[in-house]
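Here's the letter readout for the chains.
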Amino acid sequence: MSEEKPDKQPVSAIKGTHDILPREAGAWQQAEAVAKVTFELYGYREIRTPVFEATELFEKGTGQTSDIVQKEMYTFTDKGGRSITLRPEYTPSVVRAIIEHRLDLKPDPMRYYFIGPMFRFDKPQKGRFRQFHQVDIEVFGENDPAIDAEIVEMADHLLKKLGVTETETLVNSVGCRECRPAYLQELRAAAAAVEPSLCPDCRRKASTNPLRIFDCKVESCRELAGRFPEITKFLCPECAGHFEKFRSYLDIYRIPYRIEPRLVRGIDYYTKTTFEITTAQLGAQNSILGGGRYDDMMKDFGGPDICGIGFAMGVERLLSAAKLDPAPDKFVCLAYLGEDAKNEAIALARLLRQNDIECLLEFKEQGLKAQLGRANKLGASWALIIGEEEIRKGRYQLKDMKAGTQTEATKEDILKILGKS
């Protein structure tokens, strides 16, 4: 009886997911660090919620008619028989956390940021994954349109710090529950008039939520939607006044913008302000960041009547447009010859790290030339060379890898030189 041979077929990453490899991770870390510093300058603090939640949280919050709920959620039944969904977006989780922990009763500002993975079953393509990563910010309890403008200014500031250029800011108002029904009635009539020319998905949306027609990627539908009525002509006095003040504050910040009447965003909960920032660096799918108000969401979840606003930015798309230099300022490779030099290199590496200088000491059987060649390949800024003669004299060879010059230096000299470089 022959033994069954083990299956040696390699296991690959699931379609729509991707590995962030060590040489890529530096850019991710830099982008995340810049985002965190920027948000905290504006009074935001980090919040972290579970990767999965009860399915009804997203059905109620994201909206039954949204494409996310209709087509894209990763939903499963757990061993306890509960319907669970991997989070497709972040806002419903934050609203749930505020209500559950009564954060509205605490003295801290309800300004939060989050960086982490999201999950949507979408067609994988360049820059779009089924597990993707977002930077999110959320503000609750601030109804003044000045906060809408400050959020757009903060987003603009962040993108500039990350080196994203050729941007354009688009703004709109989607009204509220008082003024939107009249607009939806006109929109349904306009959609009905061209229904045979709409794609099957848009014909469905025309009866459920015609605002979603504006999200369609089919060019013929986009052309037809371009002739539909504009929501800004249906705004009630409160929404129109809010939109006008929002734009006046953008003028104070000197943020150029363009009114885009068909900017409704892809989620059902938005009210009043919506905005988006695009960049020519991303090609046809040029949106890099978007958000808006959701003043009814907290109340709809059974919580206090507290308004909200925020934005989300995909990290993968951001990194396609950002100009980052994740290389360390001072990166030292230690090269040694012999067992005594190895022991000395261990002590020197510890000294460098205690002084916050990044260094690499590899334990491989290599000659000096090979070690220096590897330091060059790794992009080291310096190589610290240790041999028997260096140990005897207490002076080491410090090589500037970019300039190609070499300096004899004591431990104290090394710290001074690297501290200034």
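For the structure, check the block above.
The rules we used
- Residues numbered from 1 in each chain as written.
- Predicted model: local features only at pLDDT ≥ 70, side-chain atom pairs only at ≥ 80, totals over all residues.
- Heavy atoms only, no water.
- Phe/Tyr/Trp six-rings, centres within 6.5 Å; stacked < 30°, edge-to-face > 60°.
- Helix = DSSP H or I, 4+ residues; strand = E, 2+ residues; numbered from the N terminus.
- Buried < 20%, exposed > 50% of the residue type's maximum accessible area, 1.4 Å probe, protein only.
- Lys NZ or Arg CZ within 6 Å of the ring centre and 35° of its normal.
- Core = buried A, V, L, I, M, F, W, Y, C linked by side-chain atoms within 4.5 Å.
- Contact = heavy atoms within 4.5 Å.

Chemist: Just to check I follow, could you spell out the packing of aromatic side chains for this structure?
Modeler: To describe a pair of aromatic rings, one takes the distance between the centres and the angle between the planes. Tallied over the entire structure, the rule returns 12 aromatic pairs. With centroids separated by 5.6 Å and ring planes inclined at 45°, the aromatic side chains of F39 and Y113 adopt a geometry described as tilted. Of this pair, F39 sits in helix α1 (residues 22-41) while Y113 is found in strand β5 (residues 111-119), placing the two residues 74 residues apart along the sequence. For the pair shown, F39 and Y113 are each scored as buried. Taken together, the ring pairs in this structure connect F39, Y44, Y113 and F311 into an aromatic cluster. Across the ring face of F301, the terminal group of K60 is positioned such that the distance to the ring centre comes to 5.8 Å.

Chemist: Just checking my understanding: could you explain the nonpolar core for this structure?
Modeler: Nonpolar side chains in soluble globular proteins generally cluster together in the buried interior. In terms of nonpolar packing, the biggest core is built from 45 residues, with I98, Y112, F140, F214 and F228 touching the most fellow members. Considering each element in turn, this core owes the most residues, five residues, to helix α6 (residues 180-193). Apart from residues lying up to four places away in sequence, I98 is in contact with L103, D104, M110, Y112, F140 and M298. Residues I147, L162, I255 and I288 belong to the second largest nonpolar core, which totals 39 residues.

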